[in-house]
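Residues per chain, in single letters:
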Amino acid sequence: NYSIAPKAENTPEHVAMRLVTRFTNEAVMCLQDDILANAADGDIGAVFGLGFPPFLGGPFRFVDHYGADKLVDLMHRNRDLYGEQFLPCQLLLDVAKSGEKFHK
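Keep in mind it's a predicted model, so treat the numbers as computed, not measured.

Q: Residue-level account of the layout of surface pockets, with values.
A: Here the largest pocket defines a volume of roughly 150 Å³. For the largest pocket, the full set of lining residues is A8, E9, H14, M17, R18, Y66, L74, R77, N78, L81 and Y82. Listed by contribution, the elements that provide at least two residues to the lining of the largest pocket are α1 (12-32) and α4 (68-82). Residues of the lining of the largest pocket, tallied by class, amount to six nonpolar, two polar and three charged.

As structure tokens, then:
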């Protein structure tokens, strides 16, 4: 038998959230590194240019709706299971700590 036991629940919802958290973290990192001018540009570019699910409103709108603190907690759990690729960037940590939102 060549199968590997999954480290955690591997439902479609969990897989989708792992993908969304990584994508969202990269988008926030682009804002942090001044690659994006603002969150709205990131949302528009992600939806129309990269295929981010439009019903989520873009990665920054998703963070605002889901909650940066909840997203950071989920990313820390995923980091413990899957590795450092789930480490949240500093701006996401700061937004989670402050309770601010990307869209005012």
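Q: Run through unusual backbone geometry, naming residues and quoting values.
A: The backbone of D34 shows a phi angle near 60°, a positive value even though the residue is not glycine. With respect to the element layout, D34 can be found in the loop between α1 and α2 (39-50). On the basis of relative accessible area, D34 is assigned to the exposed category, the value being 68%.

Q: How would you explain the packing of aromatic side chains if you had to name every residue and give the values?
A: The description of an aromatic ring pair rests on the distance of the ring centres and on the angle between the ring planes. In total, this model carries four aromatic pairs according to the counting rule given. A ring pair is formed by F60 and F102, whose centres lie 5.0 Å apart and whose planes are at 75°; its orientation type is edge-to-face. Within this pair, whereas F60 is found in helix α3 (residues 59-66), its partner F102 is found in the segment after α5 (90-98), the two being separated by 42 residues in sequence. With a centroid separation of 5.9 Å and 50° between ring planes, the pair formed by Y82 and F86 is classed as tilted. On the basis of relative accessibility, which here comes to 22%, the residue Y82 falls in the partly exposed class. Residue classification places F86 among the buried residues on the basis of a relative accessible area of 5%. Its end group placed over the ring of F86, R22 keeps NZ or CZ at 5.6 Å from the ring centre. Its end group placed over the ring of Y66, K70 keeps NZ or CZ at 4.5 Å from the ring centre.

Parameters at a glance
Residues numbered from 1 in each chain as written. Predicted model: local features only at pLDDT ≥ 70, side-chain atom pairs only at ≥ 80, totals over all residues. Heavy atoms only, no water. 1 Å grid on protein atoms, 1.4 Å probe; cavity = no way out; pocket = protein on both sides within 12 Å on 5 of 7 lines; lining within 4 Å. Points joined across faces, edges and corners; volume = space filled by probe spheres on them. Helix = DSSP H or I, 4+ residues; strand = E, 2+ residues; numbered from the N terminus. Nonpolar A, V, L, I, M, F, W, Y, C, P; charged D, E, K, R; others polar. Buried < 20%, exposed > 50% of the residue type's maximum accessible area, 1.4 Å probe, protein only. Phe/Tyr/Trp six-rings, centres within 6.5 Å; stacked < 30°, edge-to-face > 60°. Lys NZ or Arg CZ within 6 Å of the ring centre and 35° of its normal.

The values reported here are purely geometric and, on their own, carry no functional implication.
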